[in-house]
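The residues making up each chain are set out below.
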Amino acid sequence: MVLVDGIPSTVDLSWTRHWSSGCSAYPCRNRRAGGSRRLCAFLGSLDCIQGDQAKAGVTDKRHTKYLEKLTSVASKLPPVKASRVAACIVYKGRVVSVGVNSKRSDTFQKRFSKNEHAIYLHAEIAAIKAAKKHLSLDELKKSTLYVCRVRFDNDDPTPEWGMSKPCEGCRRAIVEYQIQQVVYTLDGGGYEIVENW
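Here we summarise the structure given alongside this text. (Residues numbered from 1 in each chain as written. Predicted model: local features only at pLDDT ≥ 70, side-chain atom pairs only at ≥ 80, totals over all residues. Heavy atoms only, no water.)

Side note on the overall build of the protein
Along its length, the protein carries seven helices and eight strands. Across the 197 residues in the protein, those meeting the buried criterion constitute 48%. Taking the contacts inside the protein whose residues are at least 6 apart along the sequence as the reference set, 58% of them involve residues at least 24 apart. With the model as given, the accessible surface of the protein reaches about 9,900 Å², and the carbon-plus-sulfur share is 47%. (Helix = DSSP H or I, 4+ residues; strand = E, 2+ residues; numbered from the N terminus. Buried < 20%, exposed > 50% of the residue type's maximum accessible area, 1.4 Å probe, protein only. Contact = heavy atoms within 4.5 Å. Areas by Shrake-Rupley, 256 points an atom, 1.4 Å probe, with all protein chains shown as cover.)

See below:
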């Protein structure tokens, strides 16, 4: 599996052609910040969705849209211990970073791991690490972390949401960086919002 900017190369991003669709985010802020066209496409489409809905004041739909987009990313991932997890950091209605779980170790993950054997990079940690490159610590405190886990039933190829409550190590990172809001999927559909963990 080839990852490009943390997003699997097999993920269909055809729905993200915002730079040529007359989107209000054009010219793309993510591209100007030095992101690649592929990451820009993913981030930009979420930016457009949130921006339109924020004007309407539709919080529930906004959360659902972010989680649905993360579902499309997570469903294309190879399972890591049977988990397919994707996460993103949103600040002021703009997706700043995306992270996925992977079978690679990282020193940032090791810093927050619950034990010395938990070395694989978690989606939440990857998203926080990437967001630190674009946000100040004060801005990161005011961000929202979205986490989505998908699973597949043997009889049905449609992805279902699974419990994606951050583990103990990821919660330590959330507390350390004081991320104000975490939205994660639950078993059987739905999501939970936790503020000021």
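Describing the pairing of strand 4 (residues 94-100)
Burial within strand 4 is extensive, with six of its seven residues counted as buried. With six bridges connecting them, strand 3 (residues 84-91) and strand 4 associate as antiparallel partners. Bridge pairing in strand 4 links Cys-88 to Val-98. (Pairing = 2+ DSSP bridges.)

Some words on the pattern of salt bridges
If the charged atoms of two oppositely charged side chains come close together, the side chains can form a pair. What the rule picks out here adds up to five salt bridges. For Arg-111, the salt bridge identified is with Glu-176, shortest N-O distance 2.1 Å. On the criterion of sequence distance, the pair formed by Arg-111 in helix 4 (residues 107-112) and Glu-176 in helix 7 (residues 168-176) is long-range, its members being 65 residues apart. Glu-176 sits in the partly exposed class, given a relative accessible area of 41%. Arg-151 serves as the salt-bridge partner of Asp-187, at 3.0 Å between the closest nitrogen and oxygen. With Asp-187 in the loop between strand 7 (181-185) and strand 8 (191-195) and Arg-151 in strand 5 (residues 144-153), this pair connects stretches of sequence that are 36 residues apart. (Salt bridge = Lys/Arg side-chain N within 4 Å of Asp/Glu carboxyl O.)

Brief notes about helix 7
Within helix 7 the residues assigned to the buried category are Gly-169, Cys-170, Ala-173 and Ile-174. For helix 7, the angular spread of the buried residues around the axis is 145°, confining them to a single face. (Arc of directions from axis to C-beta.)

Focus: the nonpolar core
Among the nonpolar cores identified, the biggest contains 27 residues, and Ile-89, Ile-128, Leu-140, Leu-145 and Ile-179 are the most heavily contacted of them. Top contributing element to this core by residue count: helix 5 (residues 123-131), with six residues. Every residue in contact with Ile-128, bar those within four places of it in the chain, is listed here: Ile-89, Phe-108, Leu-140, Ala-173, Ile-174, Tyr-177 and Ile-179. Counting residues in each nonpolar core, the second largest holds 17 residues, with Leu-77, Cys-88, Val-95 and Cys-148 among its members. (Core = buried A, V, L, I, M, F, W, Y, C linked by side-chain atoms within 4.5 Å.)

What about the environment of Ser-164?
Tracing the backbone shows Ser-164 in the loop between strand 6 (156-162) and helix 7. A residue is classified by how much of its surface remains accessible, and Ser-164, at 5% relative accessible area, is buried. For the pair Ser-164 and Ala-86, spaced 78 residues apart in sequence, the C-alpha separation works out to 9.4 Å. The contacts of Ser-164, once residues within four sequence positions are left out, are Glu-124, Val-147, Cys-148, Arg-149, Tyr-184 and Thr-185.

Looking at the state of the cysteines
Going through the model one piece at a time under the given rule, you end up with zero disulfides. In this structure Cys-88 is a free cysteine whose sulfur lies 9.6 Å from that of Cys-148, the closest cysteine sulfur available. In this structure Cys-148 comes out as buried when scored by relative accessible area, which is 0%. (Disulfide = S-S within 2.5 Å.)

So, unusual backbone geometry
One non-glycine residue, Lys-92, lies in positive phi territory at about 50°. Here Lys-92 is to be found in the loop between strand 3 and strand 4. Residue class for Lys-92 comes out exposed when judged on its relative accessible area of 71%. Look at Gln-178: it is not a glycine, yet its phi comes out positive at around 50°.

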